[in-house]
Amino acid sequence: MGTQNFLWNVAKKYFTFGIIGLTISDRYASILPVRGSSMSPTFNPHGGSLTDDYVLVEKLCLEKYKFSLGDVVVFRSPSDYKEKHIKRITALPGDWIRTPHSNDILTIPEGHCWVVGDNSASSLDSRSFGPIPLGLVQGRATHIVWPPQRMGKLDRKIELEGLGF
């Protein structure tokens, strides 16, 4: 009887911690790996999967879609919901943007944003699939938390070339 009681108490504690951890990860913040070179040099400046950066993604910004130009966001791919991408916001609803290849001027529709990778040569971003719905955004990356020598807050930087008027 004592063993059963002990096992029941241990199971309750692990279940409780699991529910709390899941709630925090789903509602407030989580840590995600950044793979690939599309955001280099901001993330993974040296390349290689052994040196992937891990970022803290806060999700409180999703309550009212509070985003600013230069924010780095994690979002679901518009073409494959199972994929997550991490890119920098370069235009918000109502902003004008000049598309790079055709030089057309595009107004970002309400409820959408324009995202671009810092390494444009190897980035699948809004230049490929257009403005993304804000509903696909999963959170905003705020800090690099791994590797230890790169720990720190992310800067909001934005290239003005070709953005708006």
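All of these numbers come straight from a predicted model, not from anything done at the bench. (Residues numbered from 1 in each chain as written. Predicted model: local features only at pLDDT ≥ 70, side-chain atom pairs only at ≥ 80, totals over all residues. Heavy atoms only, no water.)

## A closer look at the overall build of the protein chain
Along the backbone of the protein chain there are two helices and 10 strands. Listing every helix and strand of the protein chain by position from the N terminus yields α-β-β-β-β-β-β-β-α-β-β-β. Per-residue burial over the protein chain gives 34% buried out of 165 residues. With the model as given, the accessible surface of the protein chain reaches about 10,400 Å², and the carbon-plus-sulfur share is 58%. (Helix = DSSP H or I, 4+ residues; strand = E, 2+ residues; numbered from the N terminus. Buried < 20%, exposed > 50% of the residue type's maximum accessible area, 1.4 Å probe, protein only. Areas by Shrake-Rupley, 256 points an atom, 1.4 Å probe, with all protein chains shown as cover.)

## A few points about the packing of aromatic side chains
Under the criterion given, the structure shown has one aromatic pair. Geometrically, the ring pair formed by Phe75 and Phe129 is edge-to-face, given 6.3 Å between the ring centres and 70 degrees between the ring planes. In this pair, Phe75 sits in strand E3 (residues 72-76) while Phe129 sits in helix H2 (residues 126-129), placing the two residues 54 residues apart along the sequence. Given the relative accessible area of 0%, Phe75 is considered buried. Lying across the ring of Tyr81, Arg76 places its NZ or CZ 4.7 Å from the centre. (Phe/Tyr/Trp six-rings, centres within 6.5 Å; stacked < 30°, edge-to-face > 60°. Lys NZ or Arg CZ within 6 Å of the ring centre and 35° of its normal.)

## A few points about the side chain of Lys59
Examined against the element boundaries, Lys59 turns out to sit in the loop between strand E2 (53-58) and E3. Side-chain polar atoms of Lys59 contact the side chain of Ser30, separated by 3.5 Å. (Polar contact = N/O pair within 3.5 Å; in protein donor to acceptor, adjacent residues only side chain to side chain.)

## Comments concerning the pattern of salt bridges
Evaluation of the coordinates by the stated rule reveals six salt bridges. Residue Arg140 pairs with Asp71 through a salt bridge whose shortest N-O separation is 2.9 Å. On the criterion of sequence distance, the pair formed by Arg140 in strand E9 (residues 137-146) and Asp71 in the loop between E2 and E3 is long-range, its members being 69 residues apart. Of the two residues, Arg140 and Asp71, both sit in the buried class. The network of salt bridges with shared partners includes Glu58, Asp71 and Arg140. (Salt bridge = Lys/Arg side-chain N within 4 Å of Asp/Glu carboxyl O.)

## A short note on the UniProt feature "active site" (unreviewed entry) in the protein chain
UniProt records the feature "active site" (unreviewed entry) for Ser38 and Lys87 in the present numbering. Across 50 residues of sequence, these annotated residues stay compact in space, with a maximum C-alpha separation of 8.1 Å. Beyond its immediate stretch of four places on either side in the chain, Ser38 contacts Ile86, Lys87, Gly117, Asp118, Asn119, Ser122 and Ser123. In terms of polar contacts, Ser38 uses its side chain to reach the side chain of Lys87, at 2.7 Å. (UniProt positions renumbered as here; feature names shortened; annotations may be inferred. Contact = heavy atoms within 4.5 Å.)

## Looking at the side chain of Ser77
Along the polypeptide, Ser77 turns up in the loop between E3 and strand E4 (84-91). Taking the relative accessible area as the measure of exposure, Ser77 reaches 3% and is therefore buried. A distance of 3.1 Å separates the side chain of Ser77 from the side chain of Ser79, its partner in a polar contact. Aside from chain neighbours lying at most four places away, what touches Ser77 is Glu83, His85 and Leu136.

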